[in-house]
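# A look at the structure
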Amino acid sequence: MKRFFAWSAFLLGSLIFILPLIGMTEFSLSMRRGEYSFDAYASVLSDPQFRQTFTYSVVMALVTIVFGILLVVPTAYWVRLRMPHLRPIVEFITLMPLVIPAIVIVFGYIRLYNTSSWLPLTGTSTGTNILLMFGYTALALPYMYRAVDTGLRSIDIATLTEAAQSLGAGWVTIFGRVILPNVFVAVLSGAFLTFAIVIGEFTLAALLNRPAFGPYLQLVGANKAYEPSALAVISFVITWLCMGLIQIVVRLAPKPPAQSH
Amino acid sequence: MAEPFLKIDHVRKTFGTTTVVQDFNLDVGSGEFISFLGPSGCGKTTVLRMVAGFEEPTSGSIVVGGKDVTRLRPNQRNIGMVFQAYALFPNLTVAQNIAFGLKVAGEPRADIEKRVAEMLDLIKLQQFGDRYPYQLSGGQQQRVALARALAPKPKLLLLDEPLSALDAKVRVSLRDEIRAIQKELGITTVFVTHDQEEALSISDRIVVMYGGKAEQVGTPFEIYNRPATKFVANFVGTLNVLEGTVTDAASGRVKVGSGEVLLKDKLNGSKAGDTVSLALRPEAISLGRQPGRETTLGGEISEVSFLGSVIRVRVGLGQEAVSLDTFNSPASPPPAVGDKAEISFSPDDVLVLH
Ligand SMILES: Nc1ncnc2c1ncn2[C@@H]1O[C@H](COP(=O)(O)OP(=O)(O)OP(=O)(O)O)[C@@H](O)[C@H]1O
Ligand SMILES: [Mg+2]
């Protein structure tokens, strides 16, 4: 009986998620009347705007990931090592982006950094890109911080740090050769989540008027019939590739299971 | 002692308002193996961490090889450290772990490889260079940790309860191995433990610590046979304590139960009627009269435990009781509970506890 309910719940869930997917995929393949074809995909992929916006978002995602790692890993490490009493506060701060809507963040940015402010970042496209990257970092912060913090918990960072120090290592060596490699898997899963977030993000990019993939998705969705479905399928595949990569990296990483002491 | 290699001079450490180490002084000679022995929370780790540089003394100074290192950062001290939890880098192989300190020091690659091979030889793990720490037993991991600490040729080796996480058999074999390696390299070593047998068996000298202070510093023989304080006497080894009443301080006579004990020395600072505590090791007491053990007391056997090669017997002496060990002899049956018995010991072996 229990089994029956478990299975029906599972089935119902699958239907809710899978049926729309199937429907959407089916629709994206039906551009040509009466037969299935990849015409919609061809149309999407041959659109130069698709390539431009997608490349832009991928580059932004990579930059955001690098910046996020450099910001989050040392912070989480230092808080755990030297200021464990501040952990709840830091954790709370990293959760803020989940409660503050992106639109609030972006209006704040525009107010603070507009062309007549003391730091007119929005005046140049590089400046705006930097601003956008900060915004993306904030959006990804809850996921990045949690992933890294969990990774740090699985190793005894205090003793490893002291062991490295007694062997003559300074902070840069400790960070690069001891801490980072041991939280590598956690950092990667944070990185892939960041990637997925940045690729699909709309609000920040649209309001800062940057040529990103999210606004392009919206534009195509408003003006075409079959292409939006094809784009959605492509985004979906990219997201799942990210998830799959996390799994593969976790399996293949040479890092042994955490020591249990 | 000639010029001490490690000098801990009037070191104090407070955390907030609690004083954890108070006025700690110690001179360690070059090549010496010193153990810090004491109960949990007495400050052993804290003193060791100040020598390593992980804690800064509140006052006092630490000198290593003629150089004041009190304010130096740990990575500038060239002091090797071995931790209870091994603390091997999980992402590096055994060989890479051992090479870590050499790489940090920027040694040429060929030298590093040679030194790593040497160290693997030293800890007898030649075949294990490519393994990861999680593929080794606890004892093997700790040997790697030792090799890693020794590889950069540190001036000083510090070990904080390195054997506590291991099971009994490995503990004994590894402690002998640590001692053998230490002697071979002649490296000055400080070893922290709360296991008295460990400390007694491998140290040149032992520092018995209690409440953030060094209670006594001495060779294992001195610590065991001539404990300076009541704490040391009780903490190290098994001890029989007899409460007695001074009958004649000048000649050192003390009444114990119905008998009388004549001490080797007179009791300075006591007068007739005072109570004193007399302590005796179990092996210093014989059942029956023995040549060379002139003092005798009469009593009754209250407990007999057969331990194999030795038999531990408890003898009641009125209010008091003592434990003593006799060797098992297949020819004669062990004493029985309730038998009248006489114990004997030498006045030389009686410790007067103040
Ligand atoms: N960072 C710290 N802050 C506050 N108190 C501390 C700190 N480190 C140690 N103490 C206190 O100092 C005292 C001595 O600690 P220490 O670790 O030196 O003891 P120990 O002799 O090594 O004990 P054990 O055998 O249990 O390892 C303890 O009471 C401990 O609570
Ligand atoms: Mg300790």
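Data block above holds the structure.
Attention here is on the structure that accompanies the text. These figures come from a predicted structure and were not determined experimentally.

Rules and cut-offs
- Residues numbered from 1 in each chain as written.
- Chains lettered and ligands numbered in written order.
- Predicted model: local features only at pLDDT ≥ 70, side-chain atom pairs only at ≥ 80, totals over all residues.
- Heavy atoms only, no water.
- Helix = DSSP H or I, 4+ residues; strand = E, 2+ residues; numbered from the N terminus.
- Buried < 20%, exposed > 50% of the residue type's maximum accessible area, 1.4 Å probe, protein only.
- Contact = heavy atoms within 4.5 Å.
- Areas by Shrake-Rupley, 256 points an atom, 1.4 Å probe, with all protein chains shown as cover.
- Lys, Arg positive; Asp, Glu negative; His and termini not counted.
- Charge placed at Lys NZ, Arg CZ, Asp CG, Glu CD.
- Pairing = 2+ DSSP bridges.
- 1 Å grid on protein atoms, 1.4 Å probe; cavity = no way out; pocket = protein on both sides within 12 Å on 5 of 7 lines; lining within 4 Å.
- Points joined across faces, edges and corners; volume = space filled by probe spheres on them.
- Buried area = accessible area lost by both parts, 1.4 Å probe.
- Salt bridge = Lys/Arg side-chain N within 4 Å of Asp/Glu carboxyl O.
- Polar contact = N/O pair within 3.5 Å; in protein donor to acceptor, adjacent residues only side chain to side chain.
- Nonpolar A, V, L, I, M, F, W, Y, C, P; charged D, E, K, R; others polar.
- Near = heavy atom within 4 Å.
- Core = buried A, V, L, I, M, F, W, Y, C linked by side-chain atoms within 4.5 Å.
- Axes fitted to C-alpha atoms, helices over the stretch in contact; angles between N-to-C directions.

Counting its secondary structure elements, chain A contains 12 helices and 0 strands. With the principal axes as the frame, chain A shows a C-alpha extent of 75 × 65 × 30 Å. Relative to its 261 residues, chain A shows a buried fraction of 41%. The long-range fraction of contacts in chain A, counting pairs at least 24 apart against all pairs at least 6 apart in sequence, stands at 74%. Of the roughly 14,300 Å² of accessible surface on chain A, 72% is carried by carbon and sulfur atoms. Side chains of chain A give 16 positive and 10 negative charges; the mean places of these two sets differ by 7 Å.

Moving on, we come to the sheet that holds strand S18 (residues 320–327) of chain B. All names here are of chain B. Read across the open sheet, the 5 strands follow the order S15-S19-S16-S17-S18; overall the sheet is antiparallel. Of all the strands in the sheet, just strand S15 (286–287) and S18 have a single pairing partner and so form its edges. In this sheet, strand S19 (residues 340–345) lies alongside S15 in antiparallel orientation, the contact comprising 2 bridges. Residue Ser286 lies in a different strand from S19, and its bridge partner there is Ser344.

Residues and elements named next belong to chain A. Under the defined criterion, the tally for this structure stands at 3 cavities of 30 Å³ or more. Taken as a whole, the largest cavity holds about 50 Å³ of empty space. Along its surface, the largest cavity is lined by Thr64, Ile65, Gly68, Val72, Thr137, Ala140, Leu141, Met144 and Thr194. Only helix H3 (48–82) and helix H6 (125–153) provide two or more residues apiece to the lining of the largest cavity.

Facing the 25 residues of chain B at the interface are 22 residues of chain A. Carbon and sulfur atoms supply 64% of the area buried between chain B and chain A, which totals about 2,300 Å² over both sides. At the surface where chain B touches chain A, the tally comes to 1 salt bridge. Between Arg49 of chain B and Glu162 of chain A there is a salt bridge; the shortest N-O distance is 2.8 Å. Linking chain B to chain A there are 4 residue pairs in polar contact (both at pLDDT 80 or more). Elements represented by at least two residues in the side of chain B that touches chain A include exactly strand S6 (79–82), helix H2 (94–104) and helix H4 (138–150) of chain B. Broken down by element, the residue count for the side of chain B that touches chain A peaks at 4 residues, all from H2 of chain B. For the side of chain B that touches chain A, a count of residues per class yields 18 nonpolar, 4 polar and 3 charged.

Residue and element names in this part refer to chain B. Checked against the element boundaries, Arg289 lands in the loop between S15 and strand S16 (295–306). The class of Arg289 is exposed, set by a relative accessible area of 60%. Along the chain, Arg289 and Pro74 lie 215 residues apart, while their C-alpha atoms are 59 Å from each other. Contact partners of Arg289, with chain neighbours within four places excluded, come to Thr296, Glu342 and Ser344. In this structure the side chain of Arg289 is engaged in a polar contact, spanning 3.1 Å, whose partner is the side chain of Glu342.

To continue, consider the site of ligand 1. All names here are of chain B. Around ligand 1, the structure places Phe15, Val20, Pro39, Ser40, Gly41, Cys42, Gly43, Lys44, Thr45, Thr46, Glu161 and His194. Residue Gly43 places a main-chain N or O atom 3.0 Å away from an oxygen atom belonging to ligand 1. Interatomic distance of 2.5 Å between a side-chain N/O atom of Thr46 and an oxygen atom of ligand 1. Protein chains bury 57% of the 640 Å² of accessible surface belonging to ligand 1 in isolation. Of all the elements, helix H1 (residues 44–52) adds the most residues to the shell around ligand 1, at 3 residues. Class assignment for the residues of the shell around ligand 1 results in 4 nonpolar, 6 polar and 2 charged.

Our next topic: the nonpolar core. Counting 101 residues, the largest nonpolar core has Leu6, Ile8, Phe24, Phe36, Ile62, Phe89 and Leu158 of chain B as its most contacted members. Among the elements that take part in this core, H3 of chain A stands out by supplying 13 residues, more than any other. Each residue touching Ile8 of chain B, except ones within four places of it in the same chain, is listed here: Phe24, Asn25, Leu26, Val47, Val51, Ser61 and Ile62 of chain B. Core analysis: the next-biggest nonpolar cluster, separate from the first, contains 34 residues, Ala149, Ala151, Ile178 and Ile181 of chain B among them.

Residues and elements named next belong to chain B. Spatial ordering of the open sheet is given by S6-S7-S8-S3-S9-S10, a layout of 6 strands whose pairing is mixed. A single partner strand is all that each edge strand has here, and the edge strands are S6 and strand S10 (213–218). Along the sheet, successive strands turn relative to each other by an average axial angle of 20°, direction set aside. With 5 bridges connecting them, strand S7 (residues 156–160) and strand S8 (residues 188–193) associate as parallel partners. Bridged to Leu158 within S8 is Val190. H1 contacts strand S3 (33–37), S6, S7, S8 and strand S9 (205–210) of the sheet and is inclined by roughly 150° relative to S7.

Looking at where Met81 of chain B falls in the secondary structure, it is placed in strand S6. Taking the C-alpha atoms as reference points, Met81 of chain B and Pro133 of chain B, separated by 52 residues in sequence, lie 17 Å from one another. Apart from the residues lying within four places of it in its own chain, the contact partners of Met81 of chain B are Ser166 of chain A together with Leu48, Ala52, Phe54, Ala149, Leu158 and Asp160 of chain B.

Here the focus is the side chain of Thr70 of chain B. Residues and elements named next belong to chain B. Residue position: Thr70 is located in the loop between strand S5 (67–68) and S6. What makes Thr70 buried here is its relative accessible area of 5%. In this structure the side chain of Thr70 is engaged in a polar contact, spanning 2.9 Å, whose partner is the backbone nitrogen of Ile62. Among the polar contacts made by the side chain of Thr70, one reaches the side chain of Asp68 at a distance of 2.4 Å. Setting aside anything within four residues of it in sequence, one finds Thr70 in contact with Glu56, Pro57, Gly60, Ser61, Ile62 and Arg77.

Residue and element names in this part refer to chain B. Judged from the 5 bridges that link them, S9 and S10 form a sheet pairing that is antiparallel. Along S10, the bridge assignment pairs Tyr210 with Lys213. Two successive antiparallel strands, S9 and S10, enclose a turn made up of 2 residues, where Gly211 displays a positive phi of approximately 55°.

For the rest of this paragraph, the subject is the side chain of Ser203 of chain B. All names here are of chain B. Within the fold, Ser203 resides in the loop between helix H6 (196–202) and S9. There is a polar contact of 2.6 Å between the side chain of Ser203 and the side chain of Ser35. A polar contact of 2.5 Å, which involves the side chain of Ser203, links it to the backbone oxygen of Ala199. Beyond its immediate sequence surroundings of up to four residues, Ser203 is in contact with Phe33, Ser35, Arg179 and Pro220.

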